[in-house]
Amino acid sequence: MSVALPVFLDHASTTPIDPRAAAAMAECLVGPEGLGNPSSATHAYGRAAAARIERARAEVAALVGASPVDIVFTSGATESDNLALIGIARGRASFGRHLVVPRTEHKAVLDPARHLEKAGWTVSWLEPAADGRITPEAVAAALRPDTQLVSVMHANNETGVVNDIAAIAAVCHARDVLVHTDAAQSAGKLPIDLVALGVDLLSLSAHKMYGPKGVGALVVTPRARPWVEPLLWGGPQERGLRAGTPATHQIAGFGVAAALAAERLAADAAHTGSLAARLRAALADLPGLRFNDHPSARLPGLVSVSVEGVEGESLIDALPEIAVSSGAACDSASGEPSYVLRALGLPPELAQSTLRIAFGRFNTVAEADLAAAAIRRAVTMLRAEDAPGPPPTAPGEPAWVVGEAGRTREGTRVRCYLRVAGPVITAAEFRVFGCPHTRAVTKALAAALSGRPLDPSMPAASAGDPSLGAPGDWSARHGVPPEKLGRLLVVEDAWQRAREAALAAARNC
Ligand SMILES: *Cc1c(COP(=O)(O)O)cnc(C)c1O
């Protein structure tokens, strides 16, 4: 069976490797430079490997306006961020133990900062302004005489909001404090000039710019160099900041990707920007949408849109034709509403029903249109499943009775509508705001309820009718994970309340 893969619109989480970078890697792997250890200066293989790495170093440096000697190759931006924070913390601990880090950073910065906090450092956690940006004023207000490092990302991975790093760096340098920026999202999308930004450390990731996964870089300027302690020990590689034999083919792929990114910067930005604008325009008339991107200071190809009146997991589930993220890939597993989106003033339930659509170099206008149509259809379908008021009633039919349970805020709200003739349920319908599991259970329950006596212990009229069951059975039947049992209790509550309402109505007649 062949499964049609969805259109890839998740370029903020990773990018497809550019075929030219892949070809360079393949060539490198089997060639003499792939064989040689770049530290082996005694023979041609080692020298070829070293030369290939130096070429890539120059290509990566050129993309961000850095000196090649300042590039430290790492396994990715996560390692680069760790090296910046932990490395500076170790190197500067004797001068003071205070850091400034916004709450809206990537986990690769947040987690090392939390680790340092546990180890006795003080971290000033900055809140973003209402537009999602970290202001230079907020940074200035947080600086202390013992501050050793300020780390503020260039562009946010969830919203695409771009910070004014040059202004932030100026504030820090006026107080003689080192500055790191995580530029994993912006490199290759926005022009970056290390000197103009004025930062001392800058993180990059190859796989966010059409290079391979598993390689990145930390730019370490001469100002920061004396104060960075390595994380890995065991050799003099990367000027002593990253011991271990470098992965020549990975680095070569990164170099080619960086060179392509530099060459295509304006064209890529124009292309992805126009696809994003097209998607925003195509969705503009759909009510209840909130675009979270900054009006001007934003990444070109990223659209962050929150959708009112639909549950987040069901929204993603109803979009099988496009690969998009709900807020941030790193957060979507935890189910916690995104902090970055809540900081923009979004209530948790709206933060949870947010799509991040990130266009890339190889996307087409047709794919942007397909995404718009898919989102429109999914939102319309899910809102219809939660339409206000009872289902229609034909003349002469008895009115519906209703039982309600749950709350939108908690991610599940269920209304159960029953139509009853004497002791028998003749029709049952649900209106649901909930996850795909909740919706599957209510659909099955609606089918099982009609034709059944109001007294659940009585056998159903229609033969072969599956038993009604209880939340535990539904969970087994529909493969509902245990942590969602509470949502099935909401379904049960709604149906039991509808049943009680029907019984009360019968007694009153
Ligand atoms: C993707 C990303 C990272 C992590 O990069 P890896 O190379 O996957 O380790 C760090 N910071 C930001 C802002 C990112 O988008």
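The structure presented is a predicted model; accordingly, all values stated were derived computationally and were not measured.

Trainee: I would appreciate a short explanation of the site of the ligand in the present structure.
Mentor: In the region of the ligand, 13 residues are neighbours, and Thr78, Asp182, Gln185, Ser205 and Lys208 sit closest. In the environment of the ligand, an oxygen atom lies 2.9 Å from a nitrogen or oxygen atom belonging to the backbone of Ala77. Within the side chain of Gln185, an N or O atom sits 2.7 Å from an oxygen atom of the ligand. Broken down by element, the shell around the ligand gets its largest block of residues, three residues, from helix 4 (residues 77-92). Among the residues forming the shell around the ligand, the class breakdown is three nonpolar, seven polar and three charged.

Trainee: So what exactly am I meant to see when it comes to the pattern of salt bridges here?
Mentor: Two side chains that carry opposite charge are able to pair once their charged atoms sit near each other. Within this structure, the stated rule accounts for 27 salt bridges. Note that Glu410 and Arg407 form a salt bridge whose closest N and O atoms lie 3.5 Å from each other. Overall, Arg407 belongs to the partly exposed group, its relative accessible area being 47%. Counted as one network, the salt bridges with shared partners bring together Asp18, Arg20, Arg264, Asp268 and Arg361.

Trainee: Explain the packing of helix 4 against helix 5 (residues 107-118) to me, please; I cannot follow it from the model alone.
Mentor: If you want to describe how two helices pack, look at the angle between their axes and the distance between the axes. For the pair helix 4 and helix 5, interaxial distance at closest approach is 8 Å and the crossing angle is 25 degrees. In terms of their interaxial angle, helix 4 and helix 5 are classed as roughly parallel. As helix 4 runs across helix 5, the sense of the crossing is right-handed. Across from Thr78, Asp81, Asn82, Leu85, Ile86 and Ala89 in helix 4, the residues of helix 5 making contact are Ala108, Val109, Pro112, Ala113, His115 and Leu116. When its residues are assigned to classes, the contact of helix 4 with helix 5 shows eight nonpolar, three polar and one charged.

Trainee: Where do I start with the pairing of strand 8 (residues 216-220) in this structure?
Mentor: Along a regular strand, successive side chains alternate from one face of the sheet to the other. Here strand 8 lies mainly inside the structure; five of its five residues are buried. Of the two faces of strand 8, the one lined by Gly216, Leu218 and Val220 and the one lined by Ala217 and Val219 are each fully buried. Note that strand 2 (residues 71-74) and strand 8 share four bridges and pair antiparallel. Within strand 8, the residue paired with Val72 across the bridge is Leu218.

Trainee: Looking at this structure, how should I read the state of the cysteines?
Mentor: Each disulfide is one covalent bond, formed between the sulfur atoms of two cysteines. Under the defined criterion, the tally for this structure stands at zero disulfides. No disulfide involves Cys435; its sulfur sits 17 Å from the nearest other cysteine sulfur, which is in Cys416. Exposure remark for Cys435: the relative accessible area of 0% places this residue in the buried category.

Trainee: Help me understand the sheet that holds strand 8 in this model?
Mentor: Backbone hydrogen bonds hold the strands of a sheet together, and the pairing may be parallel or antiparallel. Read across the sheet, seven strands follow the order 2-8-7-6-5-3-4 without closing on themselves; strand pairing throughout is mixed. Where the open sheet ends on each side, the last strands, each with one partner, are strand 2 and strand 4 (122-126). Taken pair by pair, the neighbouring strands of this sheet meet at an average axis angle of 20 degrees, ignoring direction. Note: strand 3 (residues 98-102) against strand 4, five bridges, orientation parallel. Directly across from Pro102, in strand 4, lies its bridge partner Leu126. Relative to strand 7 (residues 201-205), helix 4 is tilted by about 155 degrees, and along the sheet it contacts strand 2, strand 3, strand 5 (147-151), strand 6 (178-182), strand 7 and strand 8. The sheet contacts of helix 7 (residues 165-174) involve strand 5 and strand 6, and relative to strand 6 the element is tilted by about 160 degrees.

Trainee: Where do I start with the pairing of strand 7 in this structure?
Mentor: Counting buried positions over the five residues of strand 7 gives five, a clear majority of the element. The alternating pattern of strand 7 places Leu201, Ser203 and Ser205 and Leu202 and Leu204 on opposite faces, both of which are buried. Pairing geometry for strand 6 and strand 7, over three bridges, is parallel. Paired with His180 across the strands is Leu201, a residue of strand 7. In this sheet, strand 8 lies alongside strand 7 in antiparallel orientation, the contact comprising five bridges.

Trainee: I would appreciate a short explanation of the packing of aromatic side chains in the present structure.
Mentor: The geometry of two aromatic rings is summed up by the distance between their centres and the angle between their planes. Applying the stated rule across the entire model yields three aromatic pairs. Residues Phe73 and Phe254 carry aromatic rings whose centres are separated by 6.0 Å and whose planes lie at 70 degrees to one another, so their mutual orientation is edge-to-face. Of this pair, Phe73 sits in strand 2 while Phe254 sits in helix 9 (residues 248-283), and the two are 181 residues apart along the sequence. As far as the burial class goes, Phe73 and Phe254 line up, both buried. Lying over the aromatic face of Phe95, Arg92 brings its terminal NZ or CZ to 3.9 Å of the ring centre. Over the face of the ring belonging to Trp227 we find Arg92, whose NZ or CZ atom lies 4.5 Å from the ring centre.

Trainee: So what exactly am I meant to see when it comes to the environment of Leu99 here?
Mentor: As for its position among the elements, Leu99 is in strand 3. Spatially, the C-alpha atoms of Leu99 and Val177 are 9.8 Å apart, while their sequence positions differ by 78 residues.

The rules behind the values
- Residues numbered from 1 in each chain as written.
- Predicted model: local features only at pLDDT ≥ 70, side-chain atom pairs only at ≥ 80, totals over all residues.
- Heavy atoms only, no water.
- Near = heavy atom within 4 Å.
- Polar contact = N/O pair within 3.5 Å; in protein donor to acceptor, adjacent residues only side chain to side chain.
- Helix = DSSP H or I, 4+ residues; strand = E, 2+ residues; numbered from the N terminus.
- Nonpolar A, V, L, I, M, F, W, Y, C, P; charged D, E, K, R; others polar.
- Salt bridge = Lys/Arg side-chain N within 4 Å of Asp/Glu carboxyl O.
- Buried < 20%, exposed > 50% of the residue type's maximum accessible area, 1.4 Å probe, protein only.
- Axes fitted to C-alpha atoms, helices over the stretch in contact; angles between N-to-C directions.
- Parallel < 35°, antiparallel > 145°, perpendicular 65-115°, else oblique.
- Left-handed = near helix turned anticlockwise from the far one by under 90°.
- Contact = heavy atoms within 4.5 Å.
- Pairing = 2+ DSSP bridges.
- Disulfide = S-S within 2.5 Å.
- Phe/Tyr/Trp six-rings, centres within 6.5 Å; stacked < 30°, edge-to-face > 60°.
- Lys NZ or Arg CZ within 6 Å of the ring centre and 35° of its normal.

Note that all results are geometric; they support no functional claim without further evidence.
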